[in-house]
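# Remarks on the overall topology
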Amino acid sequence: MEEKEILNEVNGSGKDKVRRILMYIGWGLSAILLVCGIMLISRVMKLNVLTTPYMVILIASVIVVTGVIAFLQKWMVSGIITKIIAIAMSVIMVIGSRYLGATSKALDKMSGMKTQIDNVCVYVLKDSTYESLDDLKDATFGISQTLDRTNTDKALDMIVSKIKTSLVPKEYQGAMQLIDALYNKEVDAIVLNSSFLSVFEGVDNYSDVEDRIRSVWSADIKTDIVDNNNNNNNNEEPTSDPYDQYKNFLYGGDDVFTLYVSGIDTNGSPMVNRNSDVNILITVNTKTRQILMINTPRDFYVPLSISNGVKDKLTHAGCYGIQVSVDTLEMLYGVNIDDYIKINFTGFVDVIDELGGVDVYSEYDFMPRHGTQHFTVGYNHVNGTEALGFVRERYSFGSGDRQRGKNQMALIKAMINKCVSTDTLLNYENILGAVSSSIATSMTTDEITGLVKMQLSDMKGWDIQTYSVDGKGDNLMTFSLTAPNYVMVPTQSTVDMAKEYLRQIYAGETVQVQ
């Protein structure tokens, strides 16, 4: 009998010991969960994306859940269950913290664009014997008299410093005369901003210019972007609208703001100045919950802000810098553009590949000139390279550039649809890295997160209205190219209609595009 009692006592003490060990393990897991929760909270606070009520809920949830799990460790069964829950929640919080950290880094990389890059090159004929600047010490250089003269002079100073020889370049009126001088061997080399090669697209006898010349030297020249528009002063009286407590995150409290989306098609950083092939104004009225998107064709024949009234293709404004595009569109529509977003469509090849391809809708059956996939009417699954061929094509369509604009919007929609799928989470960081390398914006991180806060303060949907101005094709002289080339002469009635829609959305009226 005594032996049995002793065994029971031993077994009981053994169970108590195991229970205590499990309880200590549970408390340890609770502590780990609390640390993971604090890490998640700090990431959310740094990203500054949640409004105060949501932040309070998050903090309270972490504290309550951790406390409950720690308390339940006194009991064997509930303790085991909560240990599993603690481990799972800790893993989720660590992954969430990692994703939030990656998001914060991506936003920092994309936002606050204050500089632009001009890539200035020394070009020679493709079949010439010149291979480097050192070979050009005794060569004759040509430059444009006025075209991008500031950056040209900076490049000349760099060249002189490198080859240790003074230069007296020949001057020519514009890009076409400069190219002619090289073709005719009046000069051995020319100094030209690489962005201006794109102005020869579709010009007879010059469209193959990039196949006939090559660069032997280049320099990326960075300059500050001057923005005189973003004077965000809030003089409005507060109202009872719950949104008002968050609106100061957005443009000094303005209820209506306009963003400019510029799409370029080139390799490298989106900060490099290039033709702007996509030109979309997005005007948002946060009170009426309406968004108005106005598309302006790339070949629209309008005066640039720097051309002293001489007309040019809108796309050429991008060669002179994003601010010239902004100022030109402000002149055209009479609207203040608060910020801009610059997208490099070539860089989106990597994004689409990281997404595992996307399903894009085509309105036409066609084979792009620069592509390998034949597109059929309906949804087509494409990788990055195939998608680039899809958004570049315009010659297969009777409406030309108008359809290209539609295809670009279709690709963006396809990417958004893929991004919201659960598959994206498996490759989130790589996708985010590719996106941040393809987009640059003048919006600050606070303005971007302010948009999220605004949406969280009022989860109502948005009414999106789209409109595209139109025109008639012609061959006319342009500011950037002193020779006739294809342009789209605006149909003034469509421009006036766009202005009326802008007036309505700024006035708080309901916009209904006809």
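Definitions and cut-offs
Residues numbered from 1 in each chain as written. Predicted model: local features only at pLDDT ≥ 70, side-chain atom pairs only at ≥ 80, totals over all residues. Heavy atoms only, no water. Helix = DSSP H or I, 4+ residues; strand = E, 2+ residues; numbered from the N terminus. Rg over C-alpha atoms; globule rule 2.2 N^0.38 Å. Buried < 20%, exposed > 50% of the residue type's maximum accessible area, 1.4 Å probe, protein only. Contact = heavy atoms within 4.5 Å. Areas by Shrake-Rupley, 256 points an atom, 1.4 Å probe, with all protein chains shown as cover. Lys, Arg positive; Asp, Glu negative; His and termini not counted. Charge placed at Lys NZ, Arg CZ, Asp CG, Glu CD. Salt bridge = Lys/Arg side-chain N within 4 Å of Asp/Glu carboxyl O. 1 Å grid on protein atoms, 1.4 Å probe; cavity = no way out; pocket = protein on both sides within 12 Å on 5 of 7 lines; lining within 4 Å. Points joined across faces, edges and corners; volume = space filled by probe spheres on them. Nonpolar A, V, L, I, M, F, W, Y, C, P; charged D, E, K, R; others polar. Axes fitted to C-alpha atoms, helices over the stretch in contact; angles between N-to-C directions. Left-handed = near helix turned anticlockwise from the far one by under 90°. Phe/Tyr/Trp six-rings, centres within 6.5 Å; stacked < 30°, edge-to-face > 60°. Lys NZ or Arg CZ within 6 Å of the ring centre and 35° of its normal. pLDDT = per-residue confidence, 0-100.

Of regular secondary structure, the chain possesses 13 helices and 17 strands. Relative to the compact-globule value of 24 Å for 514 residues, the chain shows a C-alpha radius of gyration of 30 Å, a clear excess of over 25%. Its C-alpha atoms give the chain principal-axis dimensions of about 120 × 60 × 50 Å. Sorting the 514 residues of the chain into buried and exposed places 49% on the buried side. Here the analysis covers contacts within the chain between residues at least 6 apart in sequence; of these, 70% occur between residues at least 24 apart. When the accessible area of the chain is evaluated, it comes to approximately 25,000 Å², of which 56% is carbon and sulfur surface. The distance from the centre of the 45 positive side-chain charges to the centre of the 61 negative ones in the chain is 5 Å.

Time to look at the pattern of salt bridges. Any two side chains of opposite charge can pair, on the condition that their charged atoms come close. According to the stated counting rule, one finds 11 salt bridges in the structure shown. For the salt bridge of Arg 149 with Glu 171, the shortest nitrogen-to-oxygen distance reads 3.1 Å. One end of the pair, Arg 149, is in helix α4 (residues 149-163); the other, Glu 171, is in strand β3 (residues 170-172), and 22 residues separate them in sequence. Taking relative accessible area as the criterion, Glu 171 reaches 40% and is therefore assigned partly exposed. For the salt bridge of Asp 299 with Arg 394, the shortest nitrogen-to-oxygen distance reads 3.2 Å. Residue Asp 299 is found in the loop between β8 (290-295) and β9 (301-303), and its partner Arg 394 is found in the loop between α9 (384-392) and α10 (401-419); the two are separated by 95 residues along the sequence. For the pair Asp 299 and Arg 394, a shared accessibility class is recorded, and that class is buried. Taken together, the salt bridges that share partners define one network made up of Glu 201, Asp 277, Arg 298, Asp 299, Lys 313 and Arg 394.

Turning to the layout of surface pockets, a few remarks are in order. Estimates place the volume of the largest pocket at around 2,000 Å³. If you go around the largest pocket, you meet 45 residues; those closest to its centre are Ile 341, Ile 412, Ile 416, Ile 439 and Ile 448. Looking at which element gives the most residues to the lining of the largest pocket, the answer is α10, with seven residues. Split into classes, the residues belonging to the lining of the largest pocket amount to 36 nonpolar, eight polar and one charged.

What follows deals with unusual backbone geometry. In this model, Lys 185 sits at a positive phi of 65°, which is unusual for a non-glycine residue. Take Lys 185: it is sitting in the loop between α5 (175-183) and β4 (189-193). A relative accessible area of 63% means that Lys 185 is categorised as exposed. Even without glycine at this site, Arg 289 takes up a positive phi of about 60°. With respect to the secondary-structure elements, Arg 289 resides in the loop between β7 (278-285) and β8. The class of Arg 289 is buried, set by a relative accessible area of 7%.

Running from N to C, helix α8 (residues 348-355) and α10 cross one another at 35°; their axes reach a closest spacing of 11 Å. In this structure, α8 crosses over α10, and the sense of that crossing is left-handed. Contact residues: α8 offers Phe 348, Val 351, Ile 352 and Leu 355, while α10 offers Leu 411, Met 415, Lys 418 and Cys 419. Classifying every residue of the contact of α8 with α10 gives seven nonpolar, no polar and one charged.

The geometry of an aromatic ring pair is captured by two quantities: the separation of the ring centres and the angle between the planes. For the structure on display, the rule yields 13 aromatic pairs. Ring centres of Tyr 361 and Tyr 379 lie 5.1 Å apart, and the angle between their planes is 70°; this geometry places the pair in the edge-to-face category. Here the residue Tyr 361 occupies a position in strand β12 (residues 358-362), and Tyr 379 occupies one in strand β13 (residues 378-382), the gap between them amounting to 18 residues. Three or more aromatic residues joined by ring pairs make a cluster, and in this case those are Tyr 364, Phe 366, Phe 375, Phe 390 and Phe 397. For Arg 212, the ring lying beneath its charged end belongs to Tyr 183, and the centroid distance is 3.7 Å. Taking the ring centre of Trp 462 as reference, the NZ or CZ of Arg 289 above it sits at 4.1 Å.

In this section: the confidence of the model for the chain. Overall, the predicted model of the chain reaches an average pLDDT of 86, with 90% of residues at or above 70. pLDDT under 50 marks residues 230-253. Its contacts with residues more than four places away, or in other chains, come to 48 contacts.

Another point: the environment of Leu 47. Mapped onto the elements of the fold, Leu 47 is located in helix α1 (residues 2-47). Among the residues examined, Leu 47 registers a relative accessible area of 7% and is labelled buried. Expressed as a C-alpha distance, the spacing of Leu 47 and Gly 101, which sit 54 residues apart in the sequence, is 8.1 Å. Discounting chain neighbours no more than four positions away, the residues touching Leu 47 are Leu 100, Thr 103, Ser 104, Leu 107 and Thr 449.

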